Amino acid sequence: MAQTVISAKNPPHIDVTRAPLAYGKGALPRLNKELNDHTLLTRQRAVRSLCDYLHDPEHITESLRTGIPESLKHLLNDKDVTVREKATECLYIMAGYSVGRDAFLEHGIIVPLSKLFNDKEDIVRRNAHKAMEMTSEAPPAAEGIVEANLVPMLVNKLTTERDEIKELILDTLHFCMRVDCNQALGAEAMNVFTDHLTHSLPIIRAKAARDIMDLSVPLAGKNNAVELETVPALVKLLKDEDPDVRANAAGALMTITITTKGKYKALSSDAIKPLVDLVDDTSSEVRANALKAITCLAEAPDGRSELEKHSEKIMERTNDPIPAVKKHADIAVRVITWKP
């Protein structure tokens, strides 16, 4: 016969680590109140529940109206690691939406968030960098990061952080350098990026090469790449097994070889042969970037005379099924076959 058993277990489907949500429109105001509670357990449960609640896009705008960003900004300074971890995760979720990124600027969250780059807990630092990277994808937010003088700190963190976080930093710097390269140049970012071209992870090699391409857009960056022996390192990556690495290395060389210094540095680094080999690459991005770099090198007399030996192979790309590749192949052939 069945009997009643007194149990110490919690009722089913109830998670004691999360705060129960109020009904309907009362959910966010109540969570916001609990986020500012003096009791640690209340704050922990509230921020965990908020993290789950914000995954629904319909709740993002309402959270902004309720004042959630200001409360999360305050929680970034909390002494408890769980609160900081979940607060940064909430900010990362909000930064995935344009209204959320606007809130970062409106509430001045960028600088307080950057202070967690020095947090002793890896998970907190990772979430902080994820939120910052997501925010930087919007040009106004990238400008905010630059104006806060955070680029030198990010460059410095590349030399000490874990690989998983380095990927996020390289992405953040990529968006910041599209706004302004001066801080990165002043922080000797070209040196740091060049060191990462030999990293064991292909994703970091690819992103380092991409950031070199960004940093080489201004003339000072091109000259910096020539002086710091970045070009030979990029030439070696043209034979990398990863297509993203090859594409970004060719793109960086394309940008650097716009100047005469860059052209002759690439020629002296024997860049022509690996670049010509890439015109038959399976990746259309690799083929296009290689043809662009070849065109730049063909503008130098020494480069043109060497490339004339490979003109037939390059001419085959004028029938490439990808329009962008065909376009750059046509340009390369015209420059190579030009006679003074």
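Refer to the structure presented above.
Notes on the structure in this doc start here. For clarity, every value in this text was computed on a predicted model and none was experimentally measured.

1. Here we look at the overall build of the protein chain
The helix and strand tally for the protein chain stands at 23 helices and zero strands. At 26 Å, the protein chain has a C-alpha radius of gyration far larger than the 20 Å of a compact globule built from 340 residues. With the C-alpha coordinates of the protein chain rotated into their principal frame, the extents come out at 95 × 55 × 35 Å. Evaluated residue by residue, the protein chain yields a buried proportion of 53% over its 340 residues. Excluding contacts between residues fewer than 6 apart, the proportion of contacts in the protein chain whose partners are at least 24 apart in sequence is 69%. As presented, the protein chain carries roughly 16500 Å² of accessible surface, and 52% of it is formed by carbon and sulfur atoms.

2. Some remarks on the pattern of salt bridges
For the coordinates displayed, the defined rule picks out 25 salt bridges. Close ionic contact of Arg-125 with Glu-161 constitutes a salt bridge, the shortest N to O distance being 2.6 Å. Separated by 36 residues along the polypeptide, Arg-125 in helix α8 (residues 122-136) and Glu-161 in the loop between α10 (151-157) and α11 (163-177) bring together distant segments of the chain. When sorted by exposure, Arg-125 lands in the same class as Glu-161, which is buried. Salt-bridge contacts for Asp-320 lead to Arg-317; the nearest nitrogen and oxygen are separated by 2.5 Å.

3. Looking at the state of the cysteines
Counting across every chain of the model gives zero disulfides. Cys-90 provides the cysteine sulfur closest to Cys-51, a residue in no disulfide bond, and the two sulfurs are 4.3 Å apart. Given the relative accessible area of 1%, Cys-51 is considered buried.

4. Structural notes on helix α1 (residues 27-35)
Helical periodicity: at 3.6 residues per turn, an α-helix aligns residues three or four positions apart in one direction. Turning to α1, its buried residues number three or more, namely Ala-27, Leu-28, Leu-31, Asn-32, Glu-34 and Leu-35. In a view along the axis of α1, the buried residues occupy a sector of 165 degrees, so they form one face of it.

5. So, the side chain of Asn-248
Relative to the helices and strands, Asn-248 is located in helix α17 (residues 243-256). You can call Asn-248 buried: its relative accessible area is 13%. Ignoring any residue separated from it by four or fewer positions in sequence, one finds Asn-248 in contact with Ala-206, Lys-207, Ala-209, Arg-210, Met-213 and Glu-285.

6. A closer look at the packing of α8 against α11
For the pair α8 and α11, the least separation of the axes is 9 Å and the interaxial angle reads 25 degrees. Between α8 and α11, the interaxial angle falls into the category roughly parallel. With respect to the hand of their crossing, α8 and α11 are arranged in left-handed fashion. Here Asp-122, Arg-125, Arg-126, His-129, Lys-130, Met-132, Glu-133 and Ser-136 of α8 come into contact with α11, specifically with Glu-164, Ile-165, Leu-168, Ile-169, Asp-171, Thr-172 and Phe-175.

The rules behind these values
- Residues numbered from 1 in each chain as written.
- Predicted model: local features only at pLDDT ≥ 70, side-chain atom pairs only at ≥ 80, totals over all residues.
- Heavy atoms only, no water.
- Helix = DSSP H or I, 4+ residues; strand = E, 2+ residues; numbered from the N terminus.
- Rg over C-alpha atoms; globule rule 2.2 N^0.38 Å.
- Buried < 20%, exposed > 50% of the residue type's maximum accessible area, 1.4 Å probe, protein only.
- Contact = heavy atoms within 4.5 Å.
- Areas by Shrake-Rupley, 256 points an atom, 1.4 Å probe, with all protein chains shown as cover.
- Salt bridge = Lys/Arg side-chain N within 4 Å of Asp/Glu carboxyl O.
- Disulfide = S-S within 2.5 Å.
- Arc of directions from axis to C-beta.
- Axes fitted to C-alpha atoms, helices over the stretch in contact; angles between N-to-C directions.
- Parallel < 35°, antiparallel > 145°, perpendicular 65-115°, else oblique.
- Left-handed = near helix turned anticlockwise from the far one by under 90°.

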